[in-house]
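Fold and geometry: a report
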Amino acid sequence: MTNINTLKTELTTQIEAANDLQALDDIRISALGKKGRVTALMKTLGSMTPEERKTKGQELNVLKNEITNQLKKQEKVLKKVEMEERLATEQLDITLSIRPERKGHIHPISQTMDELVTIFGAMGFTVAEGPDIEDDWHNFTALNFPPGHPAREMQDTFFLNNPAKVEPEQKSGDTRKLLRTHTSSVQIRHMENNEPPFKTICFGRTYRSDWDMTHTPMFHQMECICVDKDITMAHLKGCLTDFVRAFFKIDDLPVRFRPSFFPFVEPGAEVDIGYFKKGEGIKLGLADNPNDQKWMEILGAGMVHCNVLTNCGVNPEIYQGFAFGMGLERATMLKYGISDLRTFFDSDTRWLDHYGFDPFDRPNSATGQ
Ligand code: PHE
């Protein structure tokens, strides 16, 4: 029979040497399992005399308990080591962001407004504001729109049911409020509430009952007014030419003034910029061959009508000036190659990621536009 003490020493050495839980379990099975060495010794008790069985049985029980305790102790030690290893290797780096960073973008219309503020700011213009909901006086009558002018009609203008409050001296054609059809109403409000000279631009939403590839019922305009004692058409041409060349960043961009009619200016003009066909598309600028030069209209302009000045309490014998108005979407589409006007208002963030601008890189008079 195997010497109990030898077996004990042997097992103790094995248990202490076990360096992982699997090895420890193998030792447990080899000692205490069904066919284990301690179990085998236990089985021999049956063939012993009662005295022998008593002493040997006791000895074997002590051995079994000791081995069991040693196994438990070593298991604890190994589990602790294993846990420490896992804690050391399975570190969670909470400084990593969960998703790719999403950066917001500035809408192209806001970008264009900032660029225009930068350009006109450098020329000494200030920015004025006016309401989207207007009355007939500020949107039409004061701007010299004759009664019955088609622009006042339902098919162009969104009228509201609310009656507008109109001052007695403001003879008005329609008593309802309306959504302004152009930003020219801001010219009127600015002149009514300030003393000349005026040198102001304004931006805002404007509304007309239109809907197709190039027209949306809401769009944005920019308006410019400059009134002083010696303002001439030459100032208008100089200012506009400088502005469109700065805006489109083309130093020799051809600019053409075409006579046109707006009730609130005299003379009035539509302003075109030059482009030419290039490959499949078009390119703004001066064509090499004059026969290839094409023109597109970008804004309306003119010398402020004397009736408009009078309506705003400005003496046209002393003051005169120019004004112009431009659609911001169209200018932005041309500058940044955006083909469908309606996408401006779809609120699609993928579109904005593509066409939008970095919020940390805003145009300003220090850095240029
Ligand atoms: N208000 C005109 C429009 O909406 C533009 C314009 C403004 C024309 C000022 C001349 C002078 O089309």
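Summarised in this report is the structure supplied together with it.

By volume, the largest pocket is sized at about 1,300 Å³. What lines the largest pocket is a set of 45 residues, among which R208, Q221, E297, G327 and R330 lie closest to the centre. When contributions to the lining of the largest pocket are tallied by element, the ones reaching two or more residues are α7 (184-193), β6 (218-228), β8 (265-278), β9 (281-284), β10 (294-304), β11 (320-327) and α10 (328-336). Looking at the lining of the largest pocket, the element that brings in the most residues is β10, giving seven residues. Of the residues belonging to the lining of the largest pocket, the class tally is 22 nonpolar, 14 polar and nine charged.

Neighbouring the ligand are 14 residues, the closest being H182, S184, R208, Q221 and G325. Taking H182, its side chain carries an N or O atom lying 3.1 Å from a nitrogen atom of the ligand. S184 places a side-chain nitrogen or oxygen 2.9 Å from a nitrogen atom of the ligand. Relative to its unbound accessible area of 320 Å², the ligand is 89% covered by the protein chains. When each cavity is represented as a set of grid points, the ligand is found to reside in the largest pocket. Each residue belonging to the shell around the ligand can be placed in one class, and the counts come to six nonpolar, six polar and two charged.

Take the environment of E82 next. One can find E82 in helix α4 (residues 50-89). Residue class for E82 comes out partly exposed when judged on its relative accessible area of 42%. Counting along the chain gives 62 residues from E82 to D20, while the straight-line C-alpha distance between them is 8.3 Å.

Our focus in this paragraph is empty space enclosed by the protein. Applying the stated criterion across every chain, the model contains one cavity of 30 Å³ or more. Of the volumes computed, that of the largest cavity is approximately 50 Å³. Contributing to the lining of the largest cavity are A128, V186, Q187, H190, T200, I201, C202, E223, C224 and I225. Elements with a minimum of two residues in the lining of the largest cavity: α7, β5 (198-207) and β6. Here the residues of the lining of the largest cavity sort into six nonpolar, three polar and one charged.

Looking now at the sheet that holds strand β4 (residues 176-179). Within the open sheet, the three strands sit side by side as β2-β4-β3. Their pairing is antiparallel. Across the chains shown, the open sheet's two edge strands, defined by having one partner strand only, are β2 (133-135) and β3 (159-163). Across the sheet, the axes of successive neighbouring strands diverge by a mean angle of 40°, strand direction being ignored. Relative to β4, β2 runs antiparallel, the two sharing three bridges. Bridge assignment links I133 to a residue of β4, and that residue is L179.

Conventions and cut-offs
- Every chain begins its residue count from 1, and numbering advances along the sequence as written.
- For a predicted model such as this one, the threshold for reporting local features is a pLDDT of at least 70, and the threshold for listing and counting side-chain atom pairs is 80 or more; totals across whole chains, interfaces and linings nevertheless cover every residue.
- To get the side-chain values, take all heavy atoms of the structure and skip hydrogens and water.
- Here a cavity denotes grid points, spaced 1 Å and computed from the protein atoms alone, that fit a 1.4 Å probe unable to get out, and a pocket denotes an open set having protein on both sides within 12 Å along at least 5 of 7 lines; residues with an atom within 4 Å of a point are the lining.
- Grid points are joined across faces, edges and corners, and a volume is the space filled by probe spheres set on the points.
- Put simply, DSSP marks the helices as runs of H or I at least four residues long and the strands as runs of E at least two long, and each gets a number from the N terminus on.
- Under the scheme applied, nonpolar residues are Ala, Val, Leu, Ile, Met, Phe, Trp, Tyr, Cys and Pro; charged residues are Asp, Glu, Lys and Arg; polar residues are all the others, including Gly.
- Near is defined per residue: the residue qualifies when any heavy atom it owns lies within 4 Å of the molecule or strand.
- Pairs of N or O atoms within 3.5 Å make up the polar contacts considered here, provided that, within protein, one atom can donate a hydrogen while the other can accept it, and that residues adjacent in sequence are counted only when both atoms are side-chain atoms.
- Each accessible area is a Shrake-Rupley result for a 1.4 Å probe, and residues are judged covered by the shown protein chains and nothing else.
- Think of it this way: if more than half of a molecule's atoms are within 2 Å of a pocket's grid points, that molecule is in the pocket or cavity.
- Exposed residues in this analysis have more than 50% of their type's maximum accessible area, buried residues have under 20%, and partly exposed residues fall in between, with area computed by a 1.4 Å probe over protein chains only.
- Strand pairing requires that DSSP identify at least two bridges connecting the strands.
- Note on geometry: axes are lines fitted to C-alpha atoms, helical ones only across the stretch in contact, with angles between N-to-C directions running from 0 to 180 degrees.

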